[in-house]
Structures are given as structure tokens and as C-alpha cells.
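Letter by letter, the chains look like this.
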Amino acid sequence: MNVQAQISAAAIPFAVPASRWDEAVAAKLSPAELLLYRSNLLGSDLTVTNFGGGNTSAKLSETDPLTGEETEVLWVKGSGGDIGSMKLDGFATLYQDKLLGLEKHYAGPDDDDKMVGYLPHCTFNLNARAASIDTPLHSLLPFAHVDHVHPDAIIALAASSGGEAATQEIWGGKIGWLPWKRPGYTLGVQLRDYVKANPHVEGVMLAGHGIICWADSAKACYEHTIGLIADAANYLNSKLAGKPAFGGAVTVISSDRAAIAAGLMPRLRGLMTGARRKVGHYSDDAEALEFVNSAEFERLAALGTSCPDHFLRTKIAPLTLDPAKLEDDAYLAQKIADYRDLYAAYYERCKRANSPAMRDANPVVVLVPGVGRITFATDKTTARLAGEFYGNAINVMRGAEAIGDYIALDEQEAFDIEYWLLEEAKLQRMPAPKPLAGRIALVTGGAGGIGAATAARLMADGACVMLADRAADAVDEVRDGFAKQFGKDVVRSVVCDVTDEAQVAEAFAACAREFGGLDILVANAGIASSAPIEETTVELWDRNYDVLAQGYFLTSRSAWPLLKRMKEQGGSSVVFIGSKNAVAAATNASAYASAKAAANHLARCLALEGAPYGIRVNTVNPDAVIKGSRIWDGDWRKERAGAYGIDSGAELEEHYRNRSMLKRDVLPSDIAEAVYFLASDMSAKSTGNMVNVDAGNAQAFTR
Ligand SMILES: NC(=O)c1ccc[n+]([C@@H]2O[C@H](COP(=O)([O-])OP(=O)(O)OC[C@H]3O[C@@H](n4cnc5c(N)ncnc54)[C@H](O)[C@@H]3O)[C@@H](O)[C@H]2O)c1
Ligand SMILES: [Zn+2]
């Protein structure tokens, strides 16, 4: 069944988790390792918790390094980490008796922030991992093993007007219910008192938030958590069965939705001014389409998200767009401006005397009926995660609406979390962004020596890179290597022959769809050929001009509309990889050298034409980059060696080294460094320039 038929027939069901506990693995583990095993099992299961969400703990007996005596230590997931991927060092360890002793410093809810400051004083064994604000939830409960998670099926109950009744119906009083309270010491106290007053409960639903539950062993605790989520999912599925979600579909899924997204994202990105550059992420998964196409879409989207985890990632509410007006730039500009105004009004309404200054007011989540979900953030991973969190929020709304009315987080509560001084302190501690963070580059010939080195250089400083190359296997291999080195979010590849107009257009569309636009074009795809004039066939002549002249023209032309959008953010940059041979005549290479010269002059023409749009265009002229270049793998090497009457191995490298003024090899990484300079803001005032990277070649001095 296609997606359309599927989502209009019946609501997408909740996934029902099953235990993945393997006793053969568990039997060999120490108590602390068992906690880690349980945490990783829970965290790597997307039906249990979203990225970074939830925390787990165990109260273990340890030898005190000071006294040599046995003491009870709380091992609890530390601040920041993700239980799915954390290691043992991700746990904070604290003296349990000292944690319990902290209560004498607590007089009431106003002390929540103050209590966080006491946590480091309870550190056991000099563990540097900071304890999270959820620590009191674990320390104040008198149970050996405690799990706190935010599964969609549970939050759906926790964020519904029918949630408390459903909790009663599913678990018959075994699971308690606490009204919404922001995480912190007070919630810990309320929870502890609730459990004391209701000694039969085996867990407690935290309204608008998640669940906390416990058991006597790691295995029992894990299975208890999984069982509760499965109960909730099965219950919701029985309510959802047989009817479409959100009042049914009212919009048809657009068959060219990916192309629409590719056209829309750079325009939205260009409108998101006044902050750091954004990277986009597009999804047309079934959840997103089910939601944006539904009858209830506008009403529910306006309510915003519920769970603090979702809300912190996605902002108070998404921006929704009318699919019939996407071509209209004025409409988009107005929508973004309105969103920023609404955000500023929310800030003004809710701010307190000591609130931090207003942060970026641009939308994070943009929803378009028929098309899907687009998210923007200052880096790709954050944009992807924001999208995934909104997907979780959609699941929550679907379940919550099936048993009552969905309840979003109260505005003031949302604000107090977003502008929490502790949250602000966390942001202030974050390292400064890398110079190219938020920049998107497309590198043609990205599978080759200079192209790959350039891509690596740009990624090392925070850029996202689309590698475009006609060599399909090679470009995928290079991409996979970079995904390991820099993370899978920041690199994509596309098969593209720069002589093919349609393929070039598609490569830029892919870049827009995958990352949201373009800031940097590196036109680098190239070949080399050698032949005396009388032996230069029209075919050889055309091949050079097709790749080196027309190819640079086609890539620049397709990049232009994307680059133009970035004027308000400080502009964009095109870097051509020229050649020494573009400025200095070469024997027996007239087709190659004159085509390179054409490209270099094209760069100057484009520098003139691009300036009003903030597009800078500069050229790097390499020479004799032999190591790492595939151009030098083939006939070119033999032909050049032949032209100088030397062997094509070490002698050739030696020849070029000695020919240079500085007597040094030129490496792909040397070219990459020059490209980096011209691509980055370091050269913000330079356009129409050439940089020679050739270890010195007087013939190629520009004059
Ligand atoms: N290596 C040198 O000594 C040297 C000197 C001066 C200029 N250059 C220029 O540097 C650039 C990169 O060269 P390199 O040394 O890294 O060579 P390389 O062969 O290692 O890389 C070139 C890449 O371009 C790709 N390519 C070729 N034709 C293409 C097309 N039509 N469409 C898409 N991709 C295509 C190839 O598949 C290859 O991956 C070229 O423009 C070259 O002319 C190189
Ligand atoms: Zn929580």
C-alpha cells in the first residue's frame, strides 16, 4: 500500500517494545556494568526514549576511598549524556547519605535552583561527571534501581485530558499520577511523599512529562519499564484501531514533495536572518505526512509540544505554511516575520526580572501540508534531532487525542524551562561554534584528490558538504570515509557529471533538500590532457571545454539562485580550482590550458556579477599536485614525463619539485587550505582574485 492509502485508512500504531535482555550477556557483568547494560538497552530502543531523554540509576555498595568502608553510592546518568550510547563514565556517582542530607537546605519550591548547587558536594570518588537536575528524583526514592523515561506512548497518556483515567484503567492503581511539575528537587520531594502515601504503587506517571518506575534488580527494573510502555502502547493502539488519526487526511500527498522541499528550503533559510546560519533537514516520513495532511493539523500544531524534551528542541510551536502559496516570496517573508513577532511577544509576556536576553526568534519546525516537515538549526545534527523530536510530539498528539484532548505545556512553564538560568548556564559553557558551522558547501569532483582534501578541510571547521562526482563508486567510498571521520549527518554524495545540465541541476536540488541551501561552491571537477596542437582532435578539445569551461559554467549557474539567498547573512563564496596552466602557457596541452584559462576568466566575470548579491568568486591555481591526485594516475603522468624526457615515477615528482621556486611538493591539503581561506569569512573582502599554490612558479605570477 502506498503512503497515501496507508495514512488515510488507519492511524499509525504505536510500536510495542519487547524485552531484549540477554542473560548470557548480563551474567558476566558487575553491578555498575549491569546499570550501563540496562541503560543502553533502554536508550537504544526508540520506542523507549528519544535522543538524550531519560535517566537511569542504581544504588550500589562501594568502598569509600577515604575510609575504606562500604558505603552506598548513587550511580545516576550524568548531565547531558544519552542513555543509549553512554559509557560507564557517563554516570555521576554520589554519596547517597549526603544526597539525603541535603534536604536540610531545602525550604520549598523556590530553592530548586539552589539545590542543584549542592549536588557537586556529594560527589563520590572525585568523579568529574556533573549530576543532572533529575538526580533528586532518583536519590529521594528508596529503591535500588530506578528508571525515568519519556516514551511516546507514555507521554501520550501524560499529555491527555483522559490520561489519568486511562492510567487507572490500564494499571488499576499500580501506577500513580502526579500533576505537572518542572523537573527539580521539588518534584523529587513530591514524588517521594506520594510514594510514601501510596506504598502499593510500582511507578508514577508524571503529567506532561513521562514516567518513573523501579524494581529490586537491574533486570526486573528494565523489564518493568518495557512492560509499562508496552501496556500503554497496546492500550492506545486499541483506541486508535480502525480509524484515521487527527480527523483523517484532507490534503493529498504531493508526488513531487521532495522537489518542492528543495525549492522551499533555501528560500526559508535565506529569510532566517539575525542569527547564525541555519542548516535544514527535510522529512516526509509517514508520521509527518499523516499529521500535516490531517483535518486537525492547524489546531494541534498551534498548541505546541508538551514534554520539556520535545519543547526544548522544537521551540514553543511550529510554523505552518499554506502549500498553495509557497512560490510567493512575500508570503514566506511575512510568515517568518510574523513568527518572529509572535516569539518576541511570548518572550515579553513571560519574561522575569532575571531572565536571560531573548534568543533566536526564528522557527525551528516548519510544516507544509502535502510536503512534510522541515527543521532548521545551527548544525545538521541538531536540525535532524529537532525533526525527530517533532515526530515524537506527533505520536504523542495522536495518542493523547485518541483518549481525550491533547494538552500542551502551559506557556509560562514552557518559558521558565526555555529561559531557565541553569539552561542558560549550560549554553554559556558550550564551546564557541567552529568558523564554518552552519555553512553548506558543494564540491564537484569531490571524490578526487583535491576535492576530497577540500571537503575534509571544510568539514573540519564545521561545514556540511555535498560531494558531487561522476565516479559513483569512488564518491560513495569517500563519503563513507568522511561519515566515519566527521559524522554521518554532515556529508552527502550525489552522482553528477558536470557536463550534464540535468544532473547538475539535480545535484544542487539534492544539496538544498539534504542541507537546506548553499554557501560555498567549490568548482573542482576536472580532467587533464596532453597533445601537440596538430594531434589535438576536436573530440579532445571539446572534452576539455565540456568539463573545465562549460562544467564550471553549469555548476555556477545552478549554484547562483541558492547563493543569492545568503546576502543578508553575510554572503556566499565560489571557489574555482584553476591551474597554473590557466595563467602560464604549457607545451602540448593547449586544449587543457586554454579551457582552464576560460574558467579563470569566467570566475572574474562572475565576481563582477555576484558582488551585488554578496557572492564572492575567487580562484586557486594549483600546480603539480601529484601525490593523492588521480589525474596523475593515468596517461597525463606518462605524457608529461614524455614531454620532459624523464621516467614517470619518482623522477617526475623530483622534476616538479625542482622546477618550483621553493623546491617543495604541493599536496592536495595545500590546495584545500587556500580554498578554505577563500571560502571562509577570513577573505570576506576579497573577490575576483587568484591564489597560486604551486611552491612558486615565476611564469605563473599574475601581472
Ligand atoms: N593535480 C594537479 O596537479 C592539478 C594542477 C592544476 C589543476 N588541477 C585541477 O584540480 C582539479 C582536481 O584535480 P585532482 O588533481 O584532484 O584530480 P583527481 O582526478 O584526483 O580528481 C578529479 C575528480 O573530478 C572528477 N571528474 C572528472 N570529470 C568529471 C565530470 N565531468 N563530472 C564530475 N566529476 C568529474 C573525477 O571523477 C575525480 O574524482 C581539476 O580541476 C584539475 O584540473 C590539478
Ligand atoms: Zn524527564
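Residues numbered from 1 in each chain as written. Chains lettered and ligands numbered in written order. Predicted model: local features only at pLDDT ≥ 70, side-chain atom pairs only at ≥ 80, totals over all residues. Heavy atoms only, no water.

Undergrad: Explanation requested: the overall build of the protein in the structure shown.
TA: Each helix and strand counted, the protein has 27 helices and 18 strands in total. For the C-alpha atoms alone, the extent of the protein along its principal axes is close to 95 × 65 × 50 Å. Across the 703 residues of the protein, 54% fall into the buried class. Pairs at least 24 apart in sequence give 75% of the contacts found in the protein among residues at least 6 apart. (Helix = DSSP H or I, 4+ residues; strand = E, 2+ residues; numbered from the N terminus. Buried < 20%, exposed > 50% of the residue type's maximum accessible area, 1.4 Å probe, protein only. Contact = heavy atoms within 4.5 Å.)

Undergrad: Please explain the site of ligand 1 as it appears in this structure.
TA: The environment of ligand 1 is formed by 29 residues, the closest being Asp-469, Asn-524, Val-625, Ser-629 and Arg-630. Between Arg-470 and ligand 1, the recorded distance is 3.3 Å, taken from a backbone N or O atom to a nitrogen atom. One nitrogen or oxygen atom from the side chain of Tyr-592 is found 3.1 Å from an oxygen atom belonging to ligand 1. Protein contacts shield 96% of the accessible area of ligand 1, which totals 820 Å² for the unbound molecule. Elements represented by at least two residues in the shell around ligand 1 include exactly helix 19 (449-460), helix 22 (538-564) and helix 24 (590-610). (Near = heavy atom within 4 Å. Polar contact = N/O pair within 3.5 Å; in protein donor to acceptor, adjacent residues only side chain to side chain. Areas by Shrake-Rupley, 256 points an atom, 1.4 Å probe, with all protein chains shown as cover.)

Undergrad: Just to check I follow, could you spell out the sheet that holds strand 7 (residues 210-215) for this structure?
TA: By definition, the strands of a sheet pair up through backbone hydrogen bonds, in either a parallel or an antiparallel sense. Here we have 7 strands laid out as an open sheet, ordered 3-2-1-4-7-6-5, and mixed in their pairing. Both edges of this open sheet fall to strand 3 (91-95) and strand 5 (175-178), since each of them pairs with a single strand only. Taking the axes of each pair of neighbouring strands and ignoring which way they run, one obtains an average angle of 20° across the sheet. Where strand 2 (residues 70-77) lies against strand 3, 5 bridges are found, and the strand directions are antiparallel. Bridge assignment links Leu-74 to a residue of strand 3, and that residue is Leu-94. Against the sheet, helix 3 (residues 31-43) makes contact with strand 1 (55-63), strand 2, strand 3 and strand 4 (145-149), and its axis sits at roughly 175° relative to strand 1, the strand it touches most. (Pairing = 2+ DSSP bridges. Axes fitted to C-alpha atoms, helices over the stretch in contact; angles between N-to-C directions.)

Undergrad: How should unusual backbone geometry be read in this particular structure?
TA: Comment: phi is negative for the bulk of residues other than glycine, and the bulk of peptide bonds are trans. Look at Leu-126: it is not a glycine, yet its phi comes out positive at around 55°. Take Leu-126: it is sitting in the loop between helix 5 (112-118) and helix 6 (135-139). Of the residues examined, Leu-126 reaches a relative accessible area of 83% and is grouped as exposed. Positive phi is not limited to glycine here, since Ala-624 has a value of about 50°. By the secondary structure assignment, Ala-624 is in the loop between strand 17 (615-622) and helix 25 (635-644).

Undergrad: Looking at this structure, how should I read the side chain of Gln-96?
TA: Positionally, Gln-96 belongs in helix 4 (residues 96-101). In this structure the side chain of Gln-96 is engaged in a polar contact, spanning 3.0 Å, whose partner is the backbone oxygen of Ser-139. In this structure Gln-96 touches Lys-59, Glu-72, Val-73, Leu-74 and Ser-139, once residues within four positions along its chain are discounted.

Undergrad: When you look at helix 22 in this model, what are you seeing that I'm missing?
TA: Along an α-helix, a turn takes 3.6 residues, which lines up residues three or four apart on a common side. The end-to-end C-alpha separation of helix 22 is 36 Å, in line with the 39 Å expected for 27 residues at 1.5 Å each. Remark: the principal bend of helix 22, roughly 40°, maps to Gln-550. (Expected span 1.5 Å × (residues − 1). Bend = angle between axes of the 7 residues up to and from the residue.)

Undergrad: Even after reading the chapter, I still don't get the sheet that holds strand 8 (residues 279-283), so can you show me in this structure?
TA: Read across the open sheet, the 4 strands follow the order 8-11-10-9; overall the sheet is mixed. Each having just a single partner strand, strand 8 and strand 9 (319-320) make up the two edges of the open sheet. Pairing analysis gives 4 bridges linking strand 10 (residues 365-368) to strand 11 (residues 372-377), with the strands arranged antiparallel. Bridge assignment links Leu-367 to a residue of strand 11, and that residue is Arg-373. Packed onto the sheet, helix 16 (residues 380-403) meets strand 8, strand 10 and strand 11 and runs at close to 140° relative to strand 11.

Undergrad: Mind showing me how you'd approach a nonpolar patch on the surface here?
TA: There is a patch of nonpolar side chains on the surface, built from Met-661, Leu-662 and Phe-701 and spanning about 330 Å² of accessible area. Its relative accessible area of 47% is what places Met-661 among the partly exposed residues. (Patch = residues over 30% accessible without salt bridge, like charges linked within 9 Å, V, L, I, M, F, W, Y side chains within 5 Å. Salt bridge = Lys/Arg side-chain N within 4 Å of Asp/Glu carboxyl O.)

Undergrad: What should I look at first to understand the coordination of the zinc ion (ligand 2) in this one?
TA: Coordination angles at a metal have ideal targets, namely 109.5 degrees for four tetrahedral donors and 90 or 180 degrees for six octahedral donors. Distances from the zinc ion (ligand 2) to its protein donors, His-148 (NE2), His-150 (NE2) and His-209 (NE2), fall at 2.1 Å. The sequence pattern describing where the donors of the zinc ion (ligand 2) fall on their chain is H-x1-H-x58-H. Across this residue pair, the class does not change: His-148 and His-150 are buried. (Donors = N, O, S within 2.8 Å, 3.2 Å for Na, K, Ca; no water.)

Undergrad: Honestly, the nonpolar core in this entry has me stumped. Any pointers?
TA: The tendency in soluble globular proteins is for nonpolar side chains to be buried as a group. The biggest cluster of nonpolar side chains holds 81 residues, and the ones touching the most others in it are Leu-458, Phe-482, Leu-518, Val-620 and Ile-671. For this core, the element with the highest residue contribution is helix 22, accounting for 8 residues. Contact partners of Phe-482, with chain neighbours within four places excluded, come to Ala-452, Ala-455, Ala-456, Met-459, Leu-467, Gly-487 and Val-491. Counting residues in hydrophobic clusters, the runner-up holds 69 residues, among them Ala-166, Ala-218, Leu-228 and Val-396. (Core = buried A, V, L, I, M, F, W, Y, C linked by side-chain atoms within 4.5 Å.)

Undergrad: Whenever I open this one, the packing of aromatic side chains confuses me. Can you help?
TA: Both the distance between ring centres and the angle between the ring planes are used here to describe each pair of aromatic rings. All chains considered together, the criterion is met by 19 aromatic pairs. Summarising the aromatic geometry, the rings of Phe-482 and Phe-486 are spaced 5.8 Å apart at their centres and angled 55° between planes, so their arrangement reads as tilted. Separated by 4 residues within a single helix, Phe-482 and Phe-486 lie in helix 20 (residues 472-486), roughly one turn from each other. Here Phe-486 falls in the partly exposed class, since its relative accessible area comes to 24%. Pairwise contacts between aromatic rings join Tyr-343, Tyr-346, Tyr-347, Phe-415 and Tyr-419 into one cluster. Just above the ring of Tyr-343 sits the side chain of Lys-315; from NZ or CZ to the centre is 5.1 Å. (Phe/Tyr/Trp six-rings, centres within 6.5 Å; stacked < 30°, edge-to-face > 60°. Lys NZ or Arg CZ within 6 Å of the ring centre and 35° of its normal.)

Undergrad: Please clarify how the packing of helix 21 (residues 501-515) against helix 22 should be interpreted in this entry.
TA: Helices that pack against each other are described as a pair by the angle of their axes relative to one another and the distance between those axes. Where helix 21 meets helix 22, the closest approach of the two axes is 9 Å, and the angle between their N-to-C directions is 35°. In this structure, helix 21 crosses over helix 22, and the sense of that crossing is right-handed. Between helix 21 and helix 22, the contacting residues are Glu-501, Val-504, Ala-505, Phe-508 and Ala-512 on the first element and Leu-554, Thr-555, Arg-557, Ser-558, Ala-559 and Leu-562 on the second. (Left-handed = near helix turned anticlockwise from the far one by under 90°.)

Undergrad: Would you mind showing me how to read the domain arrangement of the protein here?
TA: Many analyses report the size of an interface as the accessible area lost when the parts associate. As far as domains go, the protein holds domain 1 (7-240), domain 2 (257-429) and domain 3 (440-629 + 667-697). Here the C-alpha centroids of domain 1 and domain 2 sit 28 Å apart. At the boundary of domain 1 and domain 2, one finds 0 salt bridges. Counting the contacts that link domain 1 with domain 2 gives 9 residue pairs in polar contact (both at pLDDT 80 or more). (Domains from an automatic or database assignment.)

Undergrad: When you look at the packing of helix 3 against helix 10 (residues 218-240) in this model, what are you seeing that I'm missing?
TA: Their axes nearest at 9 Å, the elements helix 3 and helix 10 cross at an angle of 15°. It follows from the interaxial angle that helix 3 and helix 10 lie roughly parallel. Crossing hand, helix 3 versus helix 10: right-handed. For the pair helix 3 and helix 10, the contacting residues are Leu-34, Arg-38, Leu-41 and Leu-42 in the first and Ala-218, Cys-221, Tyr-222, Thr-225 and Ile-226 in the second. Of the residues contributing to the contact of helix 3 with helix 10, the split by class is 7 nonpolar, 1 polar and 1 charged. (Parallel < 35°, antiparallel > 145°, perpendicular 65-115°, else oblique. Nonpolar A, V, L, I, M, F, W, Y, C, P; charged D, E, K, R; others polar.)

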